[in-house]
Amino acid sequence: MTWRWVLLPLLVVGVGVRIWLRARRRRPRPGSPAPVRWRPVLRGKVAIVAAREVRERLRGRVFRVTTAIILIVVAGAILIPKITSRPAPPEKVGVVGALTRSQRELVVAVGTHTGTTVELSSEASTAAAERAVRAGTLDACIDADRLIVDESTPSGDTFVQALAQELGVERAYQQAQLSPAQAETLSRARPFKVMNLKATTKTTVQTTSVIGVVLIFVMLSQYLTWTLIGVMEEKSSRVVEVLLAAMRPIELLTGKVLGIGLMAMSQAALAVAFALVLATAVGSSLLHGTAPVVLAAVLVWLLLGYAFYCWVYAAAGSLVERQDQVQTLALPLSIPMLIGYIFALIVAPTGSPSAFFEVLAYLPPTAPFDMPVLVALGRVQWWGFAGAVVVSIVCTVLVARGAAGIYRRAILRTGGRVRLRQLLAGARG
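Report follows, based on the coordinates. (Residues numbered from 1 in each chain as written. Predicted model: local features only at pLDDT ≥ 70, side-chain atom pairs only at ≥ 80, totals over all residues. Heavy atoms only, no water.)

Across its full length, the protein chain holds 16 helices and 4 strands. With 429 residues in all, the protein chain has 41% of them scored as buried. In the protein chain, once contacts between residues fewer than 6 apart in sequence are set aside, the share between residues at least 24 apart is 78%. For the protein chain, the accessible area works out to roughly 23,600 Å², and carbon and sulfur atoms hold 62% of it. (Helix = DSSP H or I, 4+ residues; strand = E, 2+ residues; numbered from the N terminus. Buried < 20%, exposed > 50% of the residue type's maximum accessible area, 1.4 Å probe, protein only. Contact = heavy atoms within 4.5 Å. Areas by Shrake-Rupley, 256 points an atom, 1.4 Å probe, with all protein chains shown as cover.)

Turning our attention to the packing of helix α2 (residues 45-59) against helix α3 (residues 61-84). Axis separation between α2 and α3 bottoms out at 4 Å; the angle between their running directions is 70°. By the criterion of interaxial angle, the relationship of α2 to α3 is roughly perpendicular. Facing Arg 57, Leu 58 and Arg 59 of α2, the residues of α3 in contact are Arg 61, Phe 63 and Arg 64. Its residues assigned to classes, the contact of α2 with α3 comprises 2 nonpolar, no polar and 4 charged. (Axes fitted to C-alpha atoms, helices over the stretch in contact; angles between N-to-C directions. Parallel < 35°, antiparallel > 145°, perpendicular 65-115°, else oblique. Nonpolar A, V, L, I, M, F, W, Y, C, P; charged D, E, K, R; others polar.)

A word on helix α14 (residues 367-377). Most of α14 is tucked away, with 11 of its 11 residues classed as buried. Where α14 is concerned, the buried positions are Ala 367, Pro 368, Phe 369, Asp 370, Met 371, Pro 372, Val 373, Leu 374, Val 375, Ala 376 and Leu 377.

Glancing now at the pairing of strand β3 (residues 140-143). Residues of β3 alternate between two faces, with Ala 140 and Ile 142 on one and Cys 141 and Asp 143 on the opposite face, all of them buried. As defined by bridge partners, strand β1 (residues 91-96) adjoins β3 across 4 bridges and the pair is classed as parallel. Each residue of the ladder has a partner; that of Val 95, found in β3, is Ile 142. (Pairing = 2+ DSSP bridges.)

Using the criterion set out here, one finds 7 aromatic pairs in the structure. Their ring planes at 80° and their centres at 6.1 Å tell us that Trp 301 and Phe 385 sit as a pair that is edge-to-face. A residue pair is termed long-range when its members are at least 10 positions apart, and Trp 301 in helix α11 (residues 291-317) and Phe 385 in helix α15 (residues 382-410) qualify at 84 residues. Summarising the aromatic geometry, the rings of Tyr 341 and Phe 369 are spaced 6.4 Å apart at their centres and angled 70° between planes, so their arrangement reads as edge-to-face. You can see Tyr 341 sitting in helix α12 (residues 323-350) and its partner Phe 369 sitting in helix α14, a full 28 residues away along the chain. Each member of the pair, Tyr 341 as well as Phe 369, carries the same accessibility label: buried. (Phe/Tyr/Trp six-rings, centres within 6.5 Å; stacked < 30°, edge-to-face > 60°.)

Encoded structure:
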């Protein structure tokens, strides 16, 4: 995997958003309501509404508490494995007699190659060495042309097998009566390099993808709920009537989702930056190899997921004006997210995505949770990732236009919950 197939979708997103904002307004038909204007939505009044949303979230205790919780969870995911993992104990090797300098260097090199350290000690006799091995004070003992180990030592022990192999090669050099220069040349022989196409371990990639999926679900649930409740409160308190006297509905709606979205991305970027800095400081292997690519994919799909769902939740908020009505809407709206989230948590630990899961990774409602898992598992090419991004952007534009129409027709209707059928019937009329 390389960074270019992550940067390319980001470029596609930027171009798509630019084209979307520069799209010209369609000519209205006689008798039809004025269409939604999209060109000026990121200037003037929209910026004021977005800044207001940012200030309100920063002043609230909920934002500070959730940010602290997210950082604590990220720190725990990085520090706990580092604290609980203990370095392998040194290999204690006894020596009966004396080893040459090259043999001592060989024993130490074998320990380094197998990821451990070696402690050499001299033993008075073979019997004493055998007693030390049986008692467990020695892991192995070199006695003339043999290597003594305890019967409980696994036959596939990496260090023992490598040491026995190298000592056998060293003895073969001596039996072949090679000159010191020839023996030195052979000792410097190195095996072929092994190119590992997946630089990280499976466990590291799975852990990173699970953390990313949980981060997306928590942050989307939090900020989408804020959008829904915020629109409902403005409607129930009649504040929206004052605001709409000074701006168009699309300006108010865009400013609200933009301001909350900025807070979501800022919080996510803070969590990722904190994870990278902390992992580097403590020397954690959690974010090595392809894990940064997975985190980049998480940020991309957090942005795309919020862009897709925020319009739906904002339109739903305009249909209600009481807290109990919000609760009846929250569960149906969250069902697609729950489906994608549950399937992602099932597939990420196993590493075996089904065909159905791969289909979910390309559907905009579930792609924010499932596509990062495919990226972590290396089961998607850059063009597949870019295709999913394009599909999500196109569907987001369509959903945004529909949600803006619902918001415009429902936000000023009071006296009870507005039924979607009523709005559709009124639009057709």
